[in-house]
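# Secondary and tertiary structure notes
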Amino acid sequence: MDKIRALVLSGGGGRGAFHAGVYKYLMEINKPGVDSDHVNAWDPQVVVGTSIGAVNGAAIAQGMSADELENVWKSLEEKDIQGLPPGMRGFARWIARKAFSVIMGANLPQVKSQDATSPVPKDFWSPLPIFSKWWGERLIGRWINLLDTGPLRKTLHTRFNFDPEQLSKSEKALLIAATNVQTGERMMFSNRDIVHRVTGEARRDVTTGITADRILASCSIPLVYPWTFDAQTNAFYWDGALVANTPIGVALDTMRDVPIDVPAEIVVVLMTPWWGSNDPAPRTARQLPNSFGDAITWTLDWMLLSSFRERLKLIQMFNELAVRERIEGKGPYKYREVKVIIAAPEDFLPVERIIDYDGDVSAMLIREGYEAAQRVFQQSFPNL
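Values in this document were obtained by computation on a predicted structure and should not be read as measured data. (Residues numbered from 1 in each chain as written. Predicted model: local features only at pLDDT ≥ 70, side-chain atom pairs only at ≥ 80, totals over all residues. Heavy atoms only, no water.)

## A short note on the overall build of the protein chain
The number of helices and strands found in the protein chain is 11 helices and nine strands. In summary, the protein chain has a C-alpha radius of gyration of 22 Å against a globular reference of 21 Å for 384 residues, a match within 12%. Across its three principal directions, the C-alpha atoms of the protein chain cover 75 × 45 × 35 Å. Per-residue burial for the protein chain yields a buried fraction of 51% across its 384 residues. The contacts of the protein chain with a sequence gap of at least 6 include a subset with a gap of at least 24, amounting to 73%. If the 42 positive side-chain charges of the protein chain are averaged to one point and the 45 negative ones to another, these points end up 4 Å apart. (Helix = DSSP H or I, 4+ residues; strand = E, 2+ residues; numbered from the N terminus. Rg over C-alpha atoms; globule rule 2.2 N^0.38 Å. Buried < 20%, exposed > 50% of the residue type's maximum accessible area, 1.4 Å probe, protein only. Contact = heavy atoms within 4.5 Å. Lys, Arg positive; Asp, Glu negative; His and termini not counted. Charge placed at Lys NZ, Arg CZ, Asp CG, Glu CD.)

Next up, the structure:
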């Protein structure tokens, strides 16, 4: 093995079609403008996913082709992913449908109780204190999340062909991130046992086994979607992006059995613009947000990106140590050389796209993802 490759897919809900475009380019044969080592399919041995990245990551680790993943995304609609929680009543349901109709242009159905993932709280939620309990029950109902992920659970099996047994036998290592609701700690779920690359001890923040509910846990955006309970760990989970949108460190631990002399290439797919210190900022970032929606988009994207920036600095520091080791010829080496390739959109993707699943827009995001991957590969691996 001359290199070990890892693909890290960040969260972003409906913006996850961008992943499919990146993967389409990575698996392409005869890429123009890149060197001989990268001209053919760039097939990862390790896949790490957060939120919608967990959905796409599971599909890739199971062996779904790039064309199949693209077709799934082009065929998805909002009702395939989410619906109104069954505890939402009359007036609240009417308001929610009006709001989501404006945001995503869809009339969301209400999920049946037997298919729902939403917990039913003890008390109704009243936005107006003038409502009595009687009126609150009938007009507002009992709910603590805006949308229910029951449809997504079904779609995982019917459209993404999720099969836990097949995934456990995959040659690709898969890791997905979730956040413990009650402690705020990150938990990783994996299709194989993971040990710390230095100590060799089992990582306490990694639990073996990928289930549909654990993928849902990684996708459980707080307030928007319900948290997800996992029986084995006896814990409730929210979206992994809350604390680790791009968990690269655990991907490196997955490479522990590969000799340290083998360099690693990690493609990180972001949902927010990224530019180097010497690169010009994207057009939008040269000005301040122009609307409330822009402000939300920027705030969310920069929050999600902050942990990645710190992790990238740490990797760069270890890379300097790896280079120094090899220059000095001091073996056995302690540090692996790691090259991080970042595929990102050139501009901000609107925050409402997180809950908006539409075939036409997904097709546009697939194209943008493909072009982003092509751009960064031609820059990182030019055919000189």
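## Section: the environment of Asp 193
Mapped onto the elements, Asp 193 comes out in the loop between β4 (186-190) and β5 (206-208). Owing to a relative accessible area of 64%, Asp 193 belongs among the exposed residues under this scheme. Linking Asp 193 and Ala 173, residues 20 residues apart in sequence, is a C-alpha distance of 9.5 Å. For Asp 193, the side chain forms a polar contact with the side chain of Thr 208, separated by 2.6 Å. (Polar contact = N/O pair within 3.5 Å; in protein donor to acceptor, adjacent residues only side chain to side chain.)

## Observations regarding helix α6 (residues 150-158)
Gly 150, Pro 151, Leu 152, Thr 155 and Leu 156 are the residues of α6 that are buried. Turning to α6, the residues buried within the fold contact α2 (52-62) and α8 (212-218).

## Quick look at the side chain of Asn 245
Mapped onto the secondary structure, Asn 245 falls in the loop between β7 (235-239) and α9 (248-254). Reaching out from Asn 245, the side chain makes a polar contact with the backbone nitrogen of Gly 11 at a distance of 2.9 Å. Apart from the residues lying within four places of it in its own chain, the contact partners of Asn 245 are Leu 9, Ser 10, Gly 11, Thr 50, Gly 240, Leu 304 and Ser 307.

## So, the packing of aromatic side chains
In this structure the tally under the stated criterion is 13 aromatic pairs. Ring plane angle 15° and centroid distance 5.8 Å describe the contact between Trp 73 and Tyr 357, whose orientation is recorded as stacked. Taken together, the residues Trp 73 in helix α3 (residues 66-75) and Tyr 357 in the loop between β9 (338-343) and α11 (359-380) connect sequence positions 284 residues apart. Ring plane angle 75° and centroid distance 5.3 Å describe the contact between Trp 302 and Phe 348, whose orientation is recorded as edge-to-face. Residue Trp 302 is located in helix α10 (residues 292-328), and its partner Phe 348 is located in the loop between β9 and α11; the two are separated by 46 residues in the primary sequence. By relative accessible area, Trp 302 is classed as partly exposed at 29%. For Phe 348, a relative accessible area of 12% puts it in the buried group. Members of the aromatic cluster, connected to one another through ring pairs, are Tyr 25, Trp 42, Tyr 370, Phe 377 and Phe 381. Positioned over the ring face of Tyr 333 is Arg 326, at 4.3 Å from the centre of the ring. (Phe/Tyr/Trp six-rings, centres within 6.5 Å; stacked < 30°, edge-to-face > 60°. Lys NZ or Arg CZ within 6 Å of the ring centre and 35° of its normal.)

## Some points on the side chain of Asp 35
Mapped onto the fold, Asp 35 is located in the loop between α1 (17-26) and β2 (46-50). Buried Asp 35, no salt bridge; nearest opposite-charge side chain is Lys 3, N-O distance 7.3 Å. When sequence neighbours within four positions are dropped, the list of residues in contact with Asp 35 reads Phe 381, Pro 382 and Asn 383. (Salt bridge = Lys/Arg side-chain N within 4 Å of Asp/Glu carboxyl O.)

## Topic: the pairing of β7
Successive residues of a regular strand alternate their side chains across the two faces of the sheet. As paired strands, strand β3 (residues 173-180) and β7 are joined by three bridges and run antiparallel to one another. Among the inter-strand pairings, Ala 178 is bridged to a residue of β7, identified as Asp 239. For strand β6 (residues 228-230) and β7, the ladder comprises three bridges, and the chain directions are antiparallel. When the sheet's bridge partners are listed, Phe 229 is paired in β7 with Phe 236. Hairpin remark: β6 followed by β7, antiparallel, with four residues in the connecting loop; positive phi at Asn 234, about 55°. (Pairing = 2+ DSSP bridges.)

## Comments concerning the pattern of salt bridges
Going through the model one piece at a time under the given rule, you end up with 19 salt bridges. Across the pair Glu 70 and Lys 74 runs a salt bridge whose closest N-O atoms are separated by 3.0 Å. Of this pair, Glu 70 and Lys 74 both sit in helix α3, separated by four residues, roughly a single helical turn. In this structure Lys 74 comes out as partly exposed when scored by relative accessible area, which is 39%. For Asp 230, the salt bridge goes to Arg 214, with nearest N and O atoms at 2.8 Å.

## Quick word on the confidence of the model for the protein chain
Across the protein chain, the average pLDDT comes to 89, with 95% of residues at or above 70. Mean pLDDT values over the elements of the protein chain span from 70, in helix α5 (residues 133-139), up to 98, in α1. (pLDDT = per-residue confidence, 0-100.)

## Focus on the nonpolar core
Looking at soluble globular proteins, one finds that nonpolar side chains tend to be buried together. By size, the foremost hydrophobic cluster in this structure holds 77 residues, and its most contacted members are Leu 7, Leu 69, Trp 73, Ile 215 and Phe 377. Apart from residues no more than four positions distant in its own chain, Ile 215 is found in contact with Ala 54, Val 55, Ala 58, Leu 156, Phe 162, Ile 176 and Ile 210. Val 8, Val 206, Leu 252 and Ile 342 belong to the second-largest nonpolar core, a separate cluster that totals 30 residues. (Core = buried A, V, L, I, M, F, W, Y, C linked by side-chain atoms within 4.5 Å.)

## Details of the packing of α1 against α11
Axis separation between α1 and α11 bottoms out at 6 Å; the angle between their running directions is 45°. By the criterion of interaxial angle, the relationship of α1 to α11 is oblique. In the packing of α1 onto α11, the handedness of the crossing is right-handed. Contacts between α1 and α11 involve Ala 17, Phe 18, Ala 20, Gly 21, Val 22, Lys 24, Tyr 25 and Leu 26 on the former and, on the latter, Ser 362, Leu 365, Ile 366, Glu 368, Gly 369, Tyr 370, Ala 372, Ala 373, Gln 374 and Phe 377. (Axes fitted to C-alpha atoms, helices over the stretch in contact; angles between N-to-C directions. Parallel < 35°, antiparallel > 145°, perpendicular 65-115°, else oblique. Left-handed = near helix turned anticlockwise from the far one by under 90°.)

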